[in-house]
Amino acid sequence: MSQKPSVLFVCVHNAGRSQMAAAFLTTLSQGAIEVRSAGSQPAEKVNPSAVEAMAEVGIDMSAEIPKVLTTEAVQDSDVVITMGCGDECPYFPGKRYEDWVLEDPAGKGVESVRPIRDEIKTRVEALIASLAPA
């Protein structure tokens, strides 16, 4: 594979789970994987509790902005991961689709977001292992 693999994380508001997953993948893959995130109905800003929870593990998401899901983003990605939020993505043959069923951090304090963050990190580590074997 000459080009690096690309992953798109999708959830409705692109403000919590998909942003945390994208931030972990960007950080943990050290640039080996192209990372995108988007939502079908993007929020105005990223969930402050998600930003705080990620800051606790040394990842700054404060400058991130929720983005709208486009057909092009799906087409340009090798792996499309929805975040257990019932989002319907455009389907293209040859793509790898996964649905990660995760609790929604919307409206929750940082104490409630930490376990969601940790579950996302575990799943991202497994994803990296499957895309870029050592």
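The subject of this paragraph is the overall build of the protein chain. Counting its regular elements, the protein chain contains four helices and four strands. Helices and strands appear in the protein chain in the N-to-C order β-α-β-α-α-β-β-α. Taking 134 residues into account, the globule formula puts the C-alpha radius of gyration at 14 Å, and the protein chain, at 14 Å, falls close to it. For the protein chain, the spread of C-alpha atoms along the principal axes amounts to about 40 × 35 × 25 Å. Look at the contacts in the protein chain between residues 6 or more apart in sequence, and 70% of them connect residues 24 or more apart. Accessible surface computed for the protein chain: about 6800 Å², of which carbon and sulfur atoms make up 51%. Averaging the coordinates of the 12 positive side-chain charges in the protein chain and doing the same for the 19 negative ones gives two points 2 Å apart.

Structurally, Q19 is set in helix α1 (residues 17–29). In sequence terms Q19 and I59 are 40 residues apart; their C-alpha atoms lie 11 Å from each other. With residues up to four places along the chain from it excluded, the contact list for Q19 reads N14, S37, V46, M61, E64, I65, P66 and K67.

Another point: the nonpolar core. Counting 30 residues, the largest nonpolar core has V7, F9, M61, V124 and L127 as its most contacted members. Those elements giving two or more residues to this core turn out to be β1 (6–10), α1, α2 (48–55), β3 (79–82) and α4 (110–131). Looking at this core, the element that brings in the most residues is α4, giving eight residues. By size, the runner-up hydrophobic cluster in this structure holds seven residues, among which are L8, A38, L69 and V74.

Moving on to the side chain of R17. For R17, the location among the structural elements is in helix α1. On the basis of relative accessible area, R17 is assigned to the buried category, the value being 5%. A distance of 2.9 Å separates the side chain of R17 from the backbone oxygen of L102, its partner in a polar contact.

Rules behind the numbers
- Residues numbered from 1 in each chain as written.
- Predicted model: local features only at pLDDT ≥ 70, side-chain atom pairs only at ≥ 80, totals over all residues.
- Heavy atoms only, no water.
- Helix = DSSP H or I, 4+ residues; strand = E, 2+ residues; numbered from the N terminus.
- Rg over C-alpha atoms; globule rule 2.2 N^0.38 Å.
- Contact = heavy atoms within 4.5 Å.
- Areas by Shrake-Rupley, 256 points an atom, 1.4 Å probe, with all protein chains shown as cover.
- Lys, Arg positive; Asp, Glu negative; His and termini not counted.
- Charge placed at Lys NZ, Arg CZ, Asp CG, Glu CD.
- Core = buried A, V, L, I, M, F, W, Y, C linked by side-chain atoms within 4.5 Å.
- Buried < 20%, exposed > 50% of the residue type's maximum accessible area, 1.4 Å probe, protein only.
- Polar contact = N/O pair within 3.5 Å; in protein donor to acceptor, adjacent residues only side chain to side chain.

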